Amino acid sequence: MSDRASKGRGNPTISRIPRCAQSPRQAPVAHSPRPSCSFRPIFHERSTHEDDQVLTQQLWKLARKSGTLNLSNKALARVPERLYDINEADADSKAANLEQLTIKEEDAWWNQVPLNNLDLSSNTLTHISPKIENLQSLTVLTLHDNALVELPPEIGKLEKLMRLNVSHNKLSQLPREIYSLPELRHLNISYNEFNELNPDISDLHMLEFLDGGHNNIQSLPGGIGFLVRLTALLLPYNHIKELPPDLVNMRSLQKIDLMQNDLTCLPEDMGLLRKLECLYLQHNDILELPEFEGNETLSELHASNNFIKTIPKAMCSNLPHLKILDLRDNKITELPDELCLLRNLNRLDVSNNTISVLPVTLSSLAHLISLQVEGNPIKTIRRDILQCGTSRILKTLHERALAKAKEEGGGADEASTSPGISVTRLRAGQTDDGDIPGNFPDSFHHQQQQNGFQCHCPYLCQQQMQQQFCVYEPLRNCQEYDRQTQGHIYEPENYQQQHQNGSLRSLFVQQQQQRMECPYPRCFMYQQQQQQQFSYEQDPSSRSAVHPRWIQTTTYTYISCQSGGAH
């Protein structure tokens, strides 16, 4: 027998268990009984009990204290029935005696606020109960982003309601009782299925905001002009083909959004909307623009993606406060020189048209920071210049304007690109060499400095200031002179009239001769001080019509010539 076997036998503590032997069977573990739970899937039809549990006691108390109840995005299929009785005292308050109410005074009925703001948006509501008439104190009712098919007529009994938002639903009409709400100011019915606006909408005399975008509205009712307090009319993404004539009767309109419709023209008397500030007409079938005579407050005009061929010249002079003019993707072939009359224009977009020439008068627009001309067959400016952006294009146009002025008038005196519009004059009278043209009103002081100023003032200050630098201030400080001449020099709407009556040179020379005769009892002068440090001592609001480059480097002391004494 081997040594390994003998060692195993000699050790009695080691037990030999055959590998094929089975382990002893263990007793089965007793498991606890499985609880009987009924699992509900996430997407299921909510019961009334589940909807009632959303309005917790905490929300209830908060709503009664603040008057605002927010139940948005709660997946409600029905409005909790308890909600319609929120303005009434609950059973606990009725049963409590005075001592109990004094202990919890914040829950007492006399500290409760009627519900005035109810938000039920972003749920799955399909209808609203007629019991909503119990919420007589409501001023704001928000029902957007639901599945409402109709609204109860009882909403018309909420006489204090001021804002109603039913956007993003499936409504095709509103109950007639809604149009009798006396205080309704904000109505949003966008993203629904309306085919028309009820003519009774004209009964909402207090309405200030109307949003009916993203519907299937074909036309507007004729009585819409009675909404005289309306400030915003938003009807984008509809199928409106024409506007009613009485639209211009809504004199308080400040914003009109009619983009993505089927309009072919605008009312000729758009100028009656004198408070209009923003007009959106993108993606229509408009062939021409009106002259907008009277729309002086219009600051934004968006008319891209239409069939406009020309820009009315009169429109440029009628919109002095226009800042944004968007005319891209049209059929425009030429830009008028009168665009320079849009003095406050910040953005001009005429891309994707058929424009071949840019007028040099665009360089006179001091506030223009964005000029978009890509997509046009422009042949007068190199492509690399067009790709450099607005500043490079305007610089090129400015250089060409100066060159053209020298060629036509032998200098900058008669620089003009179109009848009645002087490029040099629109640039504040500056020429390429920094001098002021002779026909510009502010050139008088510059000529007097070169020729030697001769003071024609009859007072005693004449000898003291004769040898010093002094200039008359002929356009600002003399009230009588201003009354006769002011407004005929700088007013842009008088450009054409001045061009017809005579040149600015003859007009200004005549005015200066009258001024130098000093026919008025008072005249005003400027005296240069020794230290070349100048500041206004009186009437800081008075301005001098002097060369802009002089104003940047010097200021002056205001001196009034008194009769019978020296200063």
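The structure we're discussing is the one just above.
This one's a predicted model, so the numbers in the text were calculated from it and none came from an experiment.

Trainee: Break down helix α3 (residues 57-66) for me, citing the residues and quoting the values.
Mentor: Looking at α3, one finds that the buried residues are Trp-60, Ala-63 and Arg-64. Relative to the axis of α3, the buried residues are bounded by an arc of 95 degrees and lie together on one face. Projecting away from the buried face of α3 at angles above 90 degrees are the exposed residues Gln-58 and Leu-62. Of the surrounding elements, those touching the buried residues of α3 are β1 (68-70).

Trainee: Residue-level account of the pattern of salt bridges, with values.
Mentor: For the coordinates displayed, the defined rule picks out nine salt bridges. Lys-157 is paired through a salt bridge with Glu-133; the nearest N and O atoms lie 3.0 Å apart. You can see Lys-157 sitting in the loop between β3 (140-142) and β4 (163-165) and its partner Glu-133 sitting in the loop between β2 (117-119) and β3, a full 24 residues away along the chain. In this structure, Arg-328 and Asp-326 form a salt bridge, with 2.4 Å as the shortest nitrogen-oxygen distance.

Trainee: Give me the lowdown on the environment of Gln-260, citing residues and values where you can.
Mentor: By the secondary structure assignment, Gln-260 is in the loop between β8 (255-257) and β9 (278-280). For the pair formed by Gln-260 and Asp-285, sequence separation is 25 residues and the distance between their alpha carbons is 9.4 Å. If we skip the residues at most four places from it in the chain, Gln-260 touches Tyr-237, Asn-238, Gln-282, His-283 and Asn-284.

Trainee: Summarise the packing of aromatic side chains; cite the residues concerned and give the values.
Mentor: The description of an aromatic ring pair uses the distance of the two centres, along with the angle that the planes make with each other. Scanning the model with the defined rule gives zero aromatic pairs in all. Taking the ring centre of Trp-60 as reference, the NZ or CZ of Arg-82 above it sits at 4.0 Å.

Trainee: Tell me about the state of the cysteines, residues and numbers included.
Mentor: The final tally for this structure, using the stated rule, is zero disulfides. As a non-bridged cysteine, Cys-316 has Cys-340 as the owner of its nearest cysteine sulfur, 8.2 Å distant. What makes Cys-316 buried here is its relative accessible area of 1%.

Trainee: Lay out the environment of Leu-197 in plain terms, naming residues and giving numbers.
Mentor: In this structure, Leu-197 sits in the loop between β5 (186-188) and β6 (209-211). Between the alpha carbons of Leu-197 and Pro-221 there is a distance of 6.5 Å; along the sequence they are 24 residues apart. The residues touching Leu-197, leaving out its near neighbours within four places in the chain, are Ile-189, Ile-217, Ser-219, Leu-220 and Pro-221.

Trainee: Now, about the side chain of Asn-330: what can you tell me, with residues and values included?
Mentor: Note that Asn-330 resides in the loop between β11 (324-326) and β12 (347-349). We classify Asn-330 as buried; its relative accessible area is 5%. Among the polar contacts made by the side chain of Asn-330, one reaches the main-chain carbonyl oxygen of Arg-328 at a distance of 3.1 Å. Setting aside its immediate chain neighbours within four residues, Asn-330 contacts Ala-303, Ser-304, Asn-305, Asn-306, Phe-307, Ile-308, Asn-352 and Asn-353.

Trainee: Please give an account of unusual backbone geometry that cites residues and values.
Mentor: The backbone of Ser-122 sits at a positive phi, close to 55 degrees, despite the residue not being glycine. Looking at the secondary structure, you find Ser-122 in the loop between β2 and β3. A positive phi angle, close to 60 degrees, is found at Gln-260, a residue other than glycine.

Conventions and cut-offs
- Residues numbered from 1 in each chain as written.
- Predicted model: local features only at pLDDT ≥ 70, side-chain atom pairs only at ≥ 80, totals over all residues.
- Heavy atoms only, no water.
- Buried < 20%, exposed > 50% of the residue type's maximum accessible area, 1.4 Å probe, protein only.
- Helix = DSSP H or I, 4+ residues; strand = E, 2+ residues; numbered from the N terminus.
- Arc of directions from axis to C-beta.
- Contact = heavy atoms within 4.5 Å.
- Salt bridge = Lys/Arg side-chain N within 4 Å of Asp/Glu carboxyl O.
- Phe/Tyr/Trp six-rings, centres within 6.5 Å; stacked < 30°, edge-to-face > 60°.
- Lys NZ or Arg CZ within 6 Å of the ring centre and 35° of its normal.
- Disulfide = S-S within 2.5 Å.
- Polar contact = N/O pair within 3.5 Å; in protein donor to acceptor, adjacent residues only side chain to side chain.

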